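# Structure assessment
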Amino acid sequence: MSYEKLSPIIQSRETLGLALALATTVSLIYLRRAANTSPVSHAPPSPVKDKKARKYGEWTPVEFTYPPITASQQPPAALNPIPYRPFRGGEYHVTMGIRSLPWNEWIELDNQFERYHRIREHRIRTRGSAVIRVQPDAPGLVKSGAEAAVELVHELAEYLSQRFPTTFEITRHAANTASSCPGWGGAPPVKSIRIIPLGCSYGLPLDINDGDNAAVKALEISALLVQEDLALMIEGTDGKYYFQAGAITIAGFWRIQDKIGLPLDEIHTSGDVPRYKDKLQASMERFFQRLAVDKPVVRNNYFFQVVKPTSPGGIEEIDPEELGWAESSNGPEDAFSHTHPEHQPTRPTPTPSTVRLRSERQTLRRLPHSGAILFTIRTHLTPIDKLAEEPGMARRLASALRGWGDDIGQYKGKTSGGWWDVVMNYLDKVADEEGAGGDITAMDNYPF
Ligand code: HEM
């Protein structure tokens, strides 16, 4: 919204300033109050989402007090990955599919943490700016993602040390240390974080000027603390959200270099996401502009990839599942192009044990200091033959796949992925042997 279009009550810069100050005060009161009443989903609408209170591209930091984070009963090493199965039988519907997210579940870690850490560390070391990027300011349009990147690593350090206290240990700076990222609850800023079982420690940058490439360093550390990829979206003066910084280390099917700096709509249209313009664009843009600091959300998706049968040697020892880059599906990462089919790979012959359900759990939340929206992407890979061992799963998945329209099928690799016939024949065979049972369209337990 342009300054001129604001209501007559706030048509001077002075009154606009007052209105912003008032909105911020109300935000602080509200957000502090929300923290004392724990259920996030029952809180009243936050003024943070009232876009009349600010101009596009501007953000007044809020002192958000988090609801208490409960320490996990078990360390990640004792937790199995959550078996997300985000599909149901019948017709496929394109929707945003977001649900509210309890703060205790913001970052999920499990017994794959060490493996993901190894793969991600290798990719950061060997691929550098091909997996981690921070955009500079685009004057007049959108700010750099640097501040948000530094804020992110402090948020993660605070959260993880509370949620998994036997896995993460933090140290803090002296009281009264100046920082753009104060500690939670008025504590001094975090100085370092140690991943106890892996024996590694990281010193956190205090702000964007703390050493060379502080923002890139902040993203590298962030990427090594969690199992998810991280994208920071900054609101531009045009109201669009731009991908201004990120650590995209294991996306498998897309590269940060092709999407960084783009607004949300171009990120999706450049990848030909089906029905984006008619089913998603408007609601997504509205959702991003209104997302409140205290209202994190989660969504899940799924698609398929083929991997090579396991063989020892080289990169395969680090990432035989092709978590980082789906080479058997997409060809070499450096030559990847949506628009150049000549780079299509020579695929290994798919079998039920080499086709993977590739499913993502994605979260979205707004960071209180920078106002950036953080998008996290956690990828789970499950072999089709393992999946089909779950009761009723073969029938449910086969029905879900038959519910794809042609456009969805094309996007998700039905026609080009080489796995469709193998997967369908296998699922039908297992389903026949198992016999009918269960409601394949039930959504009660979605996304499981
Ligand atoms: C409410 C938020 C969002 C929704 C509803 C959404 C929706 C989608 C959908 C439906 C797809 C197709 C694959 C699938 O079934 O998931 C997709 C792909 C994708 N999304 Fe999003 N998205 C959201 C946010 C974001 C954000 C913040 C980013 C920032 C990086 C992003 C980056 C991508 C990329 C890179 C792809 C792959 C595009 C390609 O194939 O080139 N999405 N998204």
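The text that follows walks through the structure, step by step, so that each part is easy to find. (Residues numbered from 1 in each chain as written. Predicted model: local features only at pLDDT ≥ 70, side-chain atom pairs only at ≥ 80, totals over all residues. Heavy atoms only, no water.)

### Digging into the sheet that holds strand S3 (residues 168-172)
- Strand order in the open sheet formed by three strands is S3-S4-S5, and the pairing between neighbours is antiparallel. If you trace the sheet from one side to the other, it starts and ends with S3 and strand S5 (200-203), each paired once. Averaged over all pairs of adjacent strands, the angle between strand axes in this sheet comes to 20 degrees, irrespective of strand direction.
- Strand direction decides the pairing type here: S3 and strand S4 (residues 190-195), joined by five bridges, are antiparallel. Considered in S4, the bridge of Thr171 is made with Ser192.
- Most of the contacts of helix H3 (residues 146-163) go to S3, to which it runs at about 125 degrees, and overall it touches S3 and S4. (Pairing = 2+ DSSP bridges. Helix = DSSP H or I, 4+ residues; strand = E, 2+ residues; numbered from the N terminus. Axes fitted to C-alpha atoms, helices over the stretch in contact; angles between N-to-C directions. Contact = heavy atoms within 4.5 Å.)

### Quick look at the coordination of the iron atom of the ligand
- Coordination of the iron atom of the ligand by the protein involves just one donor, His268 (NE2), at a distance of 2.0 Å.
- In this structure, His268 sits in helix H6 (residues 264-269). (Donors = N, O, S within 2.8 Å, 3.2 Å for Na, K, Ca; no water.)

### Section: the pattern of salt bridges
- For the structure on display, the rule yields 21 salt bridges.
- Linking Glu108 and Arg361 is a salt bridge whose minimum nitrogen-to-oxygen distance equals 3.4 Å. Of this pair, Glu108 sits in the loop between strand S1 (99-100) and helix H2 (113-127) while Arg361 sits in strand S9 (residues 355-366), placing them 253 residues apart in sequence. Here Glu108 matches Arg361 in class, with each residue buried.
- Arg127 is paired through a salt bridge with Glu333; the nearest N and O atoms lie 3.3 Å apart. Here the residue Arg127 occupies a position in helix H2, and Glu333 occupies one in the loop between helix H8 (327-330) and S9, the gap between them amounting to 206 residues.
- Exposure remark for Arg127: the relative accessible area of 22% places this residue in the partly exposed category.
- With relative accessibility at 11%, the residue Glu333 sits in the buried group.
- Within this structure, Arg123, Arg127, Glu333 and Asp334 form a network of salt bridges that share partners. (Salt bridge = Lys/Arg side-chain N within 4 Å of Asp/Glu carboxyl O. Buried < 20%, exposed > 50% of the residue type's maximum accessible area, 1.4 Å probe, protein only.)

### Re the packing of H2 against helix H4 (residues 214-225)
- At a minimum axis separation of 8 Å, H2 and H4 run at an interaxial angle of 155 degrees. In terms of their interaxial angle, H2 and H4 are classed as roughly antiparallel. Between H2 and H4, the contacting residues are Phe113, His117, Arg120, Glu121 and Ile124 on the first element and Glu220, Ala223, Leu224 and Leu225 on the second.
- Taken together, the residues of the contact of H2 with H4 break down into five nonpolar, one polar and three charged. (Parallel < 35°, antiparallel > 145°, perpendicular 65-115°, else oblique. Nonpolar A, V, L, I, M, F, W, Y, C, P; charged D, E, K, R; others polar.)

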